[in-house]
Amino acid sequence: MNAPARTPVAIVGGGPVGLLLALFLDRHGVRSVVFELAGSTSDQPRGSTHGARSMEHYRRLGLARAVRELGLPWDHSPDIAFYTRYNGFRLARNRRPAVRDLMREVASAPRTAQVPEPMHRANQMYVERLLYRRARAAANVELCFGWRVTGLAADDDGVDLLAEDDGGRIRHWRAGYVAGCDGARGFTRGHLGARYAGADRVDQEILGGRTVAAHLRIPTLYRDFLVDGGAWSHWAVNTDLVLNLIALNGKDEFFLLTSSVDPDSAPDDALVSAVQRAAGAPVPVAVLGRRPWTSGMALVAETFGTERVFLAGDAAHLFTPNGGFGMNTGLDDAANLAWKLAAAVQGWGGPGLLASYHHERRPVAIRNTRAARELNLGLANVTRPRCVEQDTDEGRAERLRLGRLLADYGDRTLDTLGVQLGARYDGSPIVDDGGTPPADSFGTYTPTSVPGGRAPHLWLDDIRVPGSSLFDRFGVGFTLLRLGPKAPPAVGLRTEAARRNIPLEVLDLPDPLARDLYERDLVLIRPDQHVAWRGNGLDRPDRLLTTVTGGR
């Protein structure tokens with residue numbers, strides 16, 4: 001038998017989480033092979049929300065601007081609009097600035113503004129193609145699309161992996177570590193026997209239970225049927241049905257979500273009919289693709305991995321789509337796991353570092369799945385009496401009541417900055433206990449240098465060009481911030497890090513504004529931009545580095 005091909009990291013699953021993980025590993029100088037059952041990236045729409053934290057991850061890879069060029073045009077409305085029917089009464093509209101105006105707001109924001117990369121709407125299928133192209137061009141990434149992983153066997157020194165292509169060829173690989181980013185039904189989670197725990201569905205009429213998702217072309221919807229112009233999300237809510245058409249390209253392609261059509265038995269004609277009833281007229285509709293799914297899920301795997309095999313993305317957690325937290329939580333998994341795998345491969349990670357991945361990410365997954373489910377349950381009380389479409393006093397009163405309820409739901413799905421940026425790793429064995437953090441909040445993010453949370457953001461000057469964000473100055477490995485005019489020297493930490501081959505950069509920020517924001521003279525930032533430690537002096541750099549790299 002031929003000797004196996006070798007790779008430090010094998011990634012099973014080539015969706016956005018697996019591809020982002022490969023790109024982060026490439027940034028650390030670590031080789032990986034990505035195995036993906038499909039022969040190409042997905043051509044079916046899924047989530048469209050890239051949260052502020054995900055956009056920061058893209059920024060680290062030099063991809064944020066390219067992601068913003070995908071999806072809706074920069075002047076297209078990102079609003080959420082609710083109608084009885086698209087040619088009927090408007091119930092509510094949650095207004096938000098278009099990308100063009102949003103980026104102007106960023107350019108004029110105060111230096112301590114915490115959102116250098118605002119949330120963006122671009123469907124996952126578009127972003128996957130971008131990540132695929134970047135991964136294909138990366139020096140340390142090998143893409144094996146069209147290959148199914150059929151076997152994993154881990155031992156103390158690595159993992160044997162078997163993969164088979166569509167033609168029946170079988171290849172044997174030997175990997176140091178395996179990351180399973182292959183979804184709920186993927187091979188990796190089954191291999192680990194990692195069961196999901198939590199709630200598996202919501203029993204309600206609107207986005208409850210079995211639901212259909214479809215890719216549609218509707219060329220005349222914007223021109224002829226929307227009573228007040230296009231938005232990003234277009235809900236039709238009436239006695240007949242409830243459905244949502246999410247704009248994909250700002251012209252004629254939409255992503256349909258509805259529980260008003262049986263996803264398993266209804267033909268395409270039923271989808272066409274549902275959209276026409278929502279429009280209130282025989283609008284032309286082409287069904288480009290469809291798939292069933294189950295809404296209301298808040299499921300988290302009981303383990304995120306072992307010493308050699310780990311889970312990320314949908315393999316580790318399943319979400320209802322409300323709020324758009326699912327893919328974003330998976331991308332954050334990749335950011336956390338990548339530097340720990342790099343440390344293990346390069347030899348500077350301690351024996352407890354990879355184990356911290358489960359301890360840090362599973363509580364965040366539980367938090368985020370609950371937040372999405374809470375949003376989903378917000379639709380449970382939406383009643384739709386027949387008078388809602390009548391031009392009567394009773395109908396006007398009912399539309400006012402329903403509009404207020406839907407507007408509140410829309411605001412809650414948009415005002416989620418606390419969920420997007422507020423994930424913390426309190427109690428982690430590789431985080432120093434350095435104070436009491438702010439209370440967790442659904443909608444509000446409070447910057448703090450208390451170890452465990454995302455590092456507070458700061459613009460270094462008033463010109464918002466690449467390099468003007470503090471985040472742009474963080475190193476690939478650890479970064480020690482020396483803050484204020486009286487910060488103590490960092491010679492001891494720098495020397496100890498060099499002795500252990502731990503990547504460390506020291507960044508001097510004498511600006512008093514930076515010192516006030518971080519509240520200490522010295523702050524150690526992890527490779528994933530979370531705070532590892534803070535203090536006004538450092539007597540035992542060896543002990544600190546042992547802690548933050550998982551030593552014992």
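For the protein, the name recorded in an unreviewed UniProt entry is Monooxygenase, with Amycolatopsis keratiniphila subsp. keratiniphila as its organism. Among the UniProt annotations of the protein, the heading Cofactor (unreviewed entry) holds the following wording: "FAD".

S.K.: Account for the domain arrangement of the protein, naming residues and giving values.
M.R.: Assigned domains within the protein: domain 1 (5-71 + 122-200 + 297-374) and domain 2 (424-549). For the pair domain 1 and domain 2, the two sides together bury roughly 2000 Å², of which 53% comes from carbon and sulfur. At the surface where domain 1 touches domain 2, the tally comes to four salt bridges. We note a salt bridge from Glu56 to Arg454, for which the minimum N-O separation is 2.7 Å. Elements represented by at least two residues in the side of domain 1 that touches domain 2 include exactly α2 (52-60), α9 (325-346) and α10 (355-377).

S.K.: Mind laying out the packing of α2 against α9, listing which residues take part and the relevant values?
M.R.: The N-to-C vectors of α2 and α9 enclose an angle of 40 degrees; their axes lie 9 Å apart at closest approach. When the axes of α2 and α9 are compared, the pair comes out oblique. The handedness of the crossing between α2 and α9 is left-handed. Mapping the contact onto sequence places Arg53, Ser54, His57, Tyr58 and Arg60 in α2 and Asn328, Leu331, Asp332 and Ala335 in α9. By residue class, the composition of the contact of α2 with α9 is three nonpolar, three polar and three charged.

S.K.: Go over the sheet that holds strand β12 (residues 209-217) with me, naming the residues and quoting the values.
M.R.: Pairing within the open sheet is mixed, and its seven strands lie in the order β5-β4-β13-β14-β15-β12-β16. The sheet terminates laterally at β5 (90-94) and β16 (286-295), the two strands that pair on one side only. Within the sheet, the average angular offset between the axes of one strand and its neighbour, ignoring direction, is 15 degrees. Here strand β14 (residues 242-247) pairs with strand β15 (residues 253-258) via five bridges, running antiparallel. Paired with Asn244 across the two strands is Leu257, which belongs to β15.

Rules used in this analysis
- Residues numbered from 1 in each chain as written.
- Predicted model: local features only at pLDDT ≥ 70, side-chain atom pairs only at ≥ 80, totals over all residues.
- Heavy atoms only, no water.
- UniProt positions renumbered as here; feature names shortened; annotations may be inferred.
- Domains from an automatic or database assignment.
- Buried area = accessible area lost by both parts, 1.4 Å probe.
- Salt bridge = Lys/Arg side-chain N within 4 Å of Asp/Glu carboxyl O.
- Helix = DSSP H or I, 4+ residues; strand = E, 2+ residues; numbered from the N terminus.
- Axes fitted to C-alpha atoms, helices over the stretch in contact; angles between N-to-C directions.
- Parallel < 35°, antiparallel > 145°, perpendicular 65-115°, else oblique.
- Left-handed = near helix turned anticlockwise from the far one by under 90°.
- Contact = heavy atoms within 4.5 Å.
- Nonpolar A, V, L, I, M, F, W, Y, C, P; charged D, E, K, R; others polar.
- Pairing = 2+ DSSP bridges.

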